[in-house]
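Below, each chain spelled out in residue letters.
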Amino acid sequence: MAKCAICGKSVHFGNAVSHSHRRSNKIWKSNLKSVRVKTDGGSKKMYVCTSCLRSNKVERA
């Protein structure tokens, strides 16, 4: 699975609980976007979560 290159956020696992309280496996995927980021040697393409994009932790190319 993909992971945020800045904060390391990835998928979360847990249980989906129905109204009758039956449990099944559930997966929550993080909201990752593929963006071009400025680095020392130029620009690089990496996966970044939207919370890092909104908080300006990434300088886009």
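The model shown is predicted, which means the values in this text are computed figures rather than measured ones.

A few words now on the overall build of the protein. Across its full length, the protein carries 1 helix and 4 strands. Listing every helix and strand of the protein by position from the N terminus yields β-β-β-β-α. In terms of overall size, the protein is more extended than a compact globule, its C-alpha atoms giving a radius of gyration of 16 Å where 61 residues would be expected to give roughly 10 Å. Overall, the C-alpha framework of the protein stretches about 55 × 20 × 15 Å when taken along its three principal axes. Residue pairs at least 24 apart in sequence account for 28% of intrachain contacts in the protein once pairs closer than 6 positions are excluded. Roughly 5,000 Å² of accessible area belongs to the protein as shown, and the carbon and sulfur atoms make up 46% of that amount.

Quick look at unusual backbone geometry now. A negative phi angle characterises most non-glycine residues, just as the trans form characterises most peptide bonds. Positive phi outside glycine occurs at H21, with the angle close to 70°. On the secondary structure map, H21 appears in the loop between β1 (12-17) and β2 (23-28). Positive phi is not limited to glycine here, since N56 has a value of about 60°. Tracing the backbone shows N56 in the segment after α1 (50-54). We classify N56 as exposed; its relative accessible area is 66%.

Moving on: the nonpolar core. Core analysis: the biggest nonpolar cluster contains 9 residues, these being C4, L32, V35, V37, M46, V48, C49, C52 and V58. Elements that contribute at least two residues to this core include exactly β3 (32-39) and β4 (42-49). The residues touching V35, leaving out its near neighbours within four places in the chain, are K44, K45, M46, V48, L53 and R60.

A separate point is the environment of S55. Structurally, S55 can be placed in the segment after α1. A polar contact of 3.2 Å, which involves the side chain of S55, links it to the backbone oxygen of C52.

Conventions used here
- Within each chain, residues carry numbers counting from 1 in the order of the written sequence.
- Predicted model: local features are reported for residues with pLDDT of at least 70 only, side-chain atom pairs are reported and counted for 80 or more only, and whole-chain, interface and lining totals are derived from all residues.
- The basis for every side-chain value is the complete set of non-hydrogen atoms in the structure, without hydrogens or water.
- Helix and strand labels come from DSSP, where a helix needs a run of H or I of at least four residues and a strand needs a run of E of at least two; each type is numbered from the N terminus.
- As defined in this context, the radius of gyration uses C-alpha atoms, and a globule is described by 2.2 Å times the residue total to the power 0.38.
- Should any heavy atoms of two residues lie within 4.5 Å, those residues are counted as being in contact.
- We get accessible surface area from the Shrake-Rupley algorithm with a probe of 1.4 Å; when it comes to residues, only the shown protein chains can shield them.
- Relative accessible area decides the class of each residue, using a 1.4 Å probe on protein chains only: under 20% of the type maximum gives buried, over 50% gives exposed, and in between gives partly exposed.
- Put simply, a nonpolar core is a bunch of buried Ala, Val, Leu, Ile, Met, Phe, Trp, Tyr and Cys residues held in one set by side-chain atoms that sit within 4.5 Å of each other.
- For this analysis, a polar contact is any N or O atom pair within 3.5 Å, provided that within protein one partner can donate a hydrogen and the other can accept it, and provided that sequence-adjacent residues contribute only side-chain to side-chain pairs.

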